[in-house]
Amino acid sequence: MTNLEIARVFRQVAELLELQGEDHFRVEAYRRVANNIETTSENLLYFHDRDALRRIPGVGEGIAAKIDELIETGRLRYLEELQAQVPPGLPQLLEIPGLGPKKVRALWEQLGITNIDELEAAAKAQKIRHLPGMGAKTEQNILKGIERFRAHQERMRLGDALPYAEQLMEALRQAAGAALERIEIAGSARRRLETVGDLDFVATAADPERVMEAFVHLPQVSEVRLHGPTRSTITTTAGFNVDLRIVPAESFGSLLQHSTGSKAHNIRLRELAQRRGVSISEYGITDADSGDRLLAAADECEVYAFLDLPCIPPELREDRGEFEAAANGTLPHLLELEQIRGDLHAHTSYSDGACSVAEMGDAAQALGYQYLALTDHSPSLDVAHGLSVERLLQRAEEIDDYNAGQKRFRLLNGTETDIRADGSLDYPEEILEQLDVVVASVHTRFGMKREEMTDRIVKALDSGHVDVLGHPTGRLINRRDPYEVDLGRVLEAAKRADAAVEINAFPDRLDLRDVDARAAKELGVRLAIGSDAHHTQHLPLLRYGVYTARRAWLEPDDVLNTRSADELLRLLGKQ
DNA sequence: GCCGTTTTCGGCCCGACTGTTTTCAGTCG
Ligand SMILES: Nc1nc2c(ncn2[C@H]2C[C@H](O)[C@@H](COP(=O)(O)OP(=O)(O)OP(=O)(O)O)O2)c(=O)[nH]1
Ligand SMILES: [Mg+2]
Ligand SMILES: [Mg+2]
Ligand SMILES: [Zn+2]
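The numbers attached to residues start from 1 for each chain and follow its sequence in the written order. As a convention, the first chain written is A and the first ligand written is 1, with the rest following in written order. Only residues with pLDDT of at least 70 get local features here, since the model is predicted, and only at 80 or more are side-chain atom pairs given and counted; chain-wide, interface and lining totals rely on the full set of residues. As a rule here, side-chain values come from all non-hydrogen atoms in the structure, and water together with hydrogens is ignored.

**Re the pairing of strand S14 (residues 437–441)**
Working step 1: By the criterion of burial, S14 is predominantly enclosed, with five of the five residues buried.
Working step 2: Alternating residues of S14 divide into Val-437, Val-439 and Ser-441 and Val-438 and Ala-440, and every residue in both groups is buried.
Working step 3: Here strand S13 (residues 410–418) pairs with S14 via five bridges, running parallel. In the strand pairing of S14, Gly-414 is matched with Val-437.
Working step 4: Note on handedness: a crossover is taken as right-handed if, strands pointing away from the viewer, the path from the first strand over the helix to the second is clockwise. Helix and strand definitions follow DSSP, with helices as H or I runs of at least four residues and strands as E runs of at least two, each counted in order from the N terminus. Running through helix H19 (residues 429–434), the crossover from S13 to the neighbouring parallel element S14 is right-handed.
Working step 5: The rule for pairing is simple: two strands pair if DSSP sees at least two bridges between them. Of the pairings in the sheet, the one linking S14 to strand S15 (residues 468–469) comprises two bridges and is parallel in character. Paired with Ala-440 across the strands is Leu-469, a residue of S15.
Working step 6: Read as a crossover between parallel neighbours, the route from S14 over helix H20 (residues 450–462) to S15 is right-handed. The rule is simple: take the accessible area with a 1.4 Å probe, protein chains only, and divide by the maximum for that residue type; under 20% is buried, over 50% is exposed, in between is partly exposed.

**Some remarks on the coordination of the zinc ion (ligand 4)**
Working step 1: Each metal site is built from N, O and S donor atoms within 2.8 Å (3.2 Å for Na, K and Ca), and since water is not included, such sites may look incomplete. Ligation of the zinc ion (ligand 4) by protein atoms is provided by Glu-416 (OE), His-443 (NE2) and His-471 (NE2), these donors lying 1.9 to 2.2 Å from the ion.
Working step 2: Sequence positions of the donors to the zinc ion (ligand 4) reduce to the motif E-x26-H-x27-H. Of this pair, Glu-416 sits in strand S13 while His-443 sits in the loop between S14 and H20; the two residues are 27 residues apart in sequence, bridging distant segments of the chain.

**Describing the state of the cysteines**
Covalently bonding the sulfur atom of one cysteine to the sulfur atom of another cysteine gives a disulfide.
Working step 1: Here, a disulfide means two cysteine sulfur atoms that sit within 2.5 Å of each other. Scanning the model with the defined rule gives one disulfide in all.
Working step 2: Between the sulfur atoms of Cys-301 and its disulfide partner Cys-311 the distance amounts to 2.0 Å. Between Cys-301 and Cys-311 the disulfide shows an S-S torsion of about -80°. By sign, it is left-handed. One end of the pair, Cys-301, is in helix H15 (residues 301–306); the other, Cys-311, is in the loop between H15 and helix H16 (322–328), and ten residues separate them in sequence.
Working step 3: A residue is classified by how much of its surface remains accessible, and Cys-301, at 29% relative accessible area, is partly exposed.
Working step 4: By relative accessible area, Cys-311 is classed as partly exposed at 29%.

**Observations concerning the site of ligand 1**
Working step 1: Whether a residue is near a molecule or strand depends on its heavy atoms: if one lies within 4 Å, it is near. Near ligand 1 lie 15 residues; those nearest to it are Arg-155, Ser-188, Arg-191, Gly-197 and Asp-198.
Working step 2: The side chain of Asp-200 places a nitrogen or oxygen atom 2.9 Å from an oxygen atom of ligand 1.
Working step 3: The definition of a polar contact used here is a pair of N or O atoms within 3.5 Å, where within protein one atom must be able to donate a hydrogen and the other to accept one, and adjacent residues in sequence count solely through side-chain atom pairs. At 3.2 Å, a side-chain N or O of Asn-266 approaches a nitrogen atom of ligand 1.
Working step 4: Note that accessible areas follow from Shrake-Rupley with a 1.4 Å probe, and for residues the cover is restricted to the protein chains shown. Compared with its free state, where it exposes 590 Å², ligand 1 has 69% of that area covered by protein.
Working step 5: At the level of elements, helix H11 (187–190), helix H13 (252–260) and helix H14 (263–275) are the ones that each hand at least two residues to the shell around ligand 1.
Working step 6: Among the residues making up the shell around ligand 1, the classes are represented as one nonpolar, eight polar and six charged.
Working step 7: Inspection of the shell around ligand 1 shows a minimum of three residues originating in each of domain 3 (156–246) and domain 4 (251–327). Amino acid classes used here: Ala, Val, Leu, Ile, Met, Phe, Trp, Tyr, Cys and Pro are nonpolar; Asp, Glu, Lys and Arg are charged; the rest, including Gly, are polar. In this entry, domain limits derive from an automatic or database-based domain assignment.

**Considering the domain arrangement of chain A**
Working step 1: Under the domain assignment used here, chain A contains domain 1 (3–79), domain 2 (91–151), domain 3 (156–246), domain 4 (251–327) and domain 5 (337–571).
Working step 2: Between the C-alpha centres of domain 3 and domain 4 the distance comes to 23 Å.
Working step 3: The partner domain 4 presents 15 residues to the 15 residues of domain 3 that form the contact.
Working step 4: In total, about 1,200 Å² of surface goes out of reach between domain 3 and domain 4, with carbon and sulfur atoms giving 57% of it.
Working step 5: When two parts are brought into contact, each loses some accessible area as probed by a 1.4 Å sphere; the total of that loss over both is the buried area. When residues of domain 3 are sorted by the area they lose upon contact with domain 4, Arg-190, Arg-191 and Arg-245 head the list and together hold 55% of the total. Only heavy atoms enter the contact rule, under which two residues are in contact if any of them lie within 4.5 Å.

**Quick notes on the packing of aromatic side chains**
Working step 1: Here a pair means two rings of Phe, Tyr or Trp (six-membered ring of Trp) with centres within 6.5 Å. Their orientation is stacked below 30 degrees between planes, edge-to-face above 60, and tilted elsewhere. For the structure on display, the rule yields four aromatic pairs.
Working step 2: With a centroid separation of 6.4 Å and an interplanar angle of 80°, the aromatic rings of Tyr-402 and Phe-409 are classed as edge-to-face.
Working step 3: Here the aromatic rings of Phe-446 and Tyr-483 are separated by 5.9 Å at their centres, their planes lie at 25°, and the arrangement is stacked. In this pair, Phe-446 is assigned in the loop between S14 and H20 and Tyr-483 in the loop between S15 and helix H21 (487–497), connecting sequence segments 37 residues apart.
Working step 4: Take Tyr-483: its relative accessible area is 5%, and that puts it in the buried class.
Working step 5: In our convention, an over-ring charge means Lys NZ or Arg CZ found within 6 Å of a ring centre and within 35 degrees of that ring's normal. The aromatic ring of Tyr-78 is capped on one face by Lys-66, whose charged end is 4.6 Å from the ring centroid.
Working step 6: We note Arg-192 situated over the ring of Tyr-547; from NZ or CZ to the ring centre the distance is 4.7 Å.

**Concerning the pairing of strand S6 (residues 231–236)**
The side chains of a regular strand alternate between both faces of the sheet.
Working step 1: Burial analysis of S6 places five of its six residues in the buried class, the great majority of the element.
Working step 2: Remark: three residues form the turn of the hairpin made by strand S5 (residues 221–227) and S6, two consecutive strands paired antiparallel.
Working step 3: The sheet contact formed by S6 and strand S7 (residues 241–246) spans five bridges and is antiparallel. Counterpart to Thr-235 in the pairing with S7 is Asn-241.

**Quick notes on a negative patch on the surface**
Working step 1: Side chains of Glu-397, Glu-398, Asp-400 and Asp-401 sit close together on the surface and give a patch of like negative charge.
Working step 2: For Asp-401, the position within the fold is in helix H18 (residues 389–404). Candidates for patches are residues over 30% relative accessible area with no salt bridge; among them, like charges are joined within 9 Å and nonpolar side chains (Val, Leu, Ile, Met, Phe, Trp, Tyr) within 5 Å. Here, a salt bridge means any Lys or Arg side-chain nitrogen found within 4 Å of an Asp or Glu carboxyl oxygen. Charge convention: Lys and Arg are scored as positive, Asp and Glu as negative, and His as well as the terminal groups of each chain are ignored. Lys charges are placed at NZ, Arg charges at CZ, Asp charges at CG and Glu charges at CD.

**Details of the sheet that holds S5**
Working step 1: Spatial strand order, S2-S4-S7-S6-S5: five strands in an open sheet with mixed pairing. Sheet topology places strand S2 (180–185) and S5 at the edges, where each strand pairs with a single neighbour. With strand direction ignored, the average angle separating the axes of adjacent strands in the sheet is 25°.
Working step 2: Pairing between S5 and S6: five bridges, direction antiparallel. Counterpart to His-227 in the pairing with S6 is Ser-232.
Working step 3: Each axis is a line fitted through C-alpha atoms, and for a helix only the stretch in contact is used; angles between axes span 0 to 180 degrees, taken between their N-to-C directions. The strands that helix H12 (residues 208–216) touches are S2, strand S4 (199–205), S5, S6 and S7; relative to S7, the one it contacts most, it runs at about 175°.
Working step 4: The strands that H13 touches are S2, S4 and S7; relative to S4, the one it contacts most, it runs at about 175°.

**Points about the protein's contact with DNA strand B**
Working step 1: Neighbouring residues of DNA strand B: 47 residues in total, closest Arg-26, Gly-60, Gly-100, His-227 and Tyr-283.
Working step 2: Taken together, the sugar and phosphate atoms account for 81% of what DNA strand B places within 4 Å of the protein.
Working step 3: A distance of 3.2 Å separates a phosphate oxygen of DNA strand B from a polar side-chain atom of Gln-274.
Working step 4: Of all the secondary-structure elements, those providing two or more residues to the surface near DNA strand B are helix H2 (24–38), helix H4 (61–73), helix H7 (101–111), helix H9 (136–150), S5, S7, H14 and strand S8 (278–280).
Working step 5: When grouped by side-chain class, the residues that make up the surface near DNA strand B number 17 nonpolar, 16 polar and 14 charged.

**A closer look at the sheet that holds S8**
Working step 1: Pairing in this open sheet of three strands is antiparallel, and the strands run S8-S9-S10 from one edge to the other. Only two strands of the sheet have a single neighbouring strand rather than two, namely S8 and strand S10 (293–295). Pairs of neighbouring strands in the sheet enclose a mean axial angle of 35°, with direction left out of account.
Working step 2: Note that strand S9 (residues 285–287) and S10 share two bridges and pair antiparallel. Across the sheet, Thr-286 pairs through a bridge with Arg-293, a residue of S10.

Structure, rendered in structure tokens:
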């Protein structure tokens, strides 16, 4: 059982309780714990006792016992009891935008509606308007909501979201002209979360009304969901929601802080404020008793400063220890893109890349790098034109020729060797020993059992020839789940072997993910950031790996490729 | 259901928009 599966169980419990009219805070307790379990790196299977479980925030006596039951039996009787009390199609109604627990419960109890089809029929037959608090508009909104539910979009990858956000901001600047003063992206995109559910913009305006009008009339808009004086929400033609909030300039920092979130972070911050007798909102800070405004933050850091905290970087705002670190003065000095000296994962046209050795080298230099590791695929990966030993040697000559003409840059002669099903590497030892950088990755047999996959990867690391474990979980965001593996044991093996583990920066991968890279650091394992470029144009995607590294609390020393070429090769034992 | 330098019981963030309602409940961010 994976942490994600356990998290899903508790989300189901939350929904079922909610539909029975259970206390909101009890429901939210299950949701909160589900989020915290999903973002726990170590598999709960390997937590040895209840005390260890209870160190997960939000896990108390009751939930620890339920996790135990899930791990021991794969089932949760409490969930089954709740399921017996609620029609199976009912929880799905909660996913319809505009429908929450109160309305769904009323529809169920008073009209006997138990699934989406029945809901649609009731709305069309105009039966819903007779319920208290509902009317003809409610029926229309339910029908629209069902359409939206059926057209439901998955979360957008950050790599798509950030460029799209830039485009939208530019479009709005054009459309609103001088009426728009300042606009920034907030929400999960600003926190650089690997996927984003929507785009959240915050702005100030000389003429807020005009800006709102311009926003809801952008050509990219397919539907206006909300349209108020300080906040509007639109759906784009691509089916994606975009929020815009506007506040007076003196409150911009308060709004940016609020809209950057995360929700959990905001709640923690506001609780800290409460204890000091003040109240934080997106407009500023007020005295909890008198309501007098004490601060309107033009800069978001003023909000933290008011609570005697240093400013917390957006990437850390997840309520995963950043408040404790801020209070202790132990916030990390996060990695910056400018500190990256080179890229440790790239392909050329020798394997499945699109560009030549020289083209990749030139492009890396244009980015200001001191080195680029060319890590083409190995023989058994014939779909990716893996290099035979002969071709590998041929490429080495081409790399030498290229380097001969360079003063402050070098191409590193590397490989991304396949970790074969039996855990062996895909080149003879004497070949691997000649290479500057050996990245080793799993590309086949993703369906292996957890133990088998773990043994496979550990064996590869134990060979002593691996410098970097490539994309360690094999996931493709929105397309392929990570393979099942005991990451804790893999990280221990990497530590023993003095191998780094990769943050593969390609936006489809981001592998390791943030919380796993953080666990690696905490175990004392070094990270390597690689773009996995298959084209010169992919090289700049490395920045997404830096974002993930920042979300993992990484500092420059934790990352292999903040080192100079010489230092890097020394660390890898190549000099 | 969880949690505690003011609590082991009694709180649990705060505000915008909509549609229904004559003052607010529900939903969402
Ligand atoms: N104080 C407070 N702020 C919230 C709440 N819900 C959302 N926010 C703030 C923090 C969020 O980052 C921000 C934007 O809300 P979203 O629902 O778009 O969440 P976010 O962008 O973090 O994640 P997403 O990828 O869109 O699902 O609004 C809440 O319940 N309370
Ligand atoms: Mg968002
Ligand atoms: Mg939003
Ligand atoms: Zn690969």
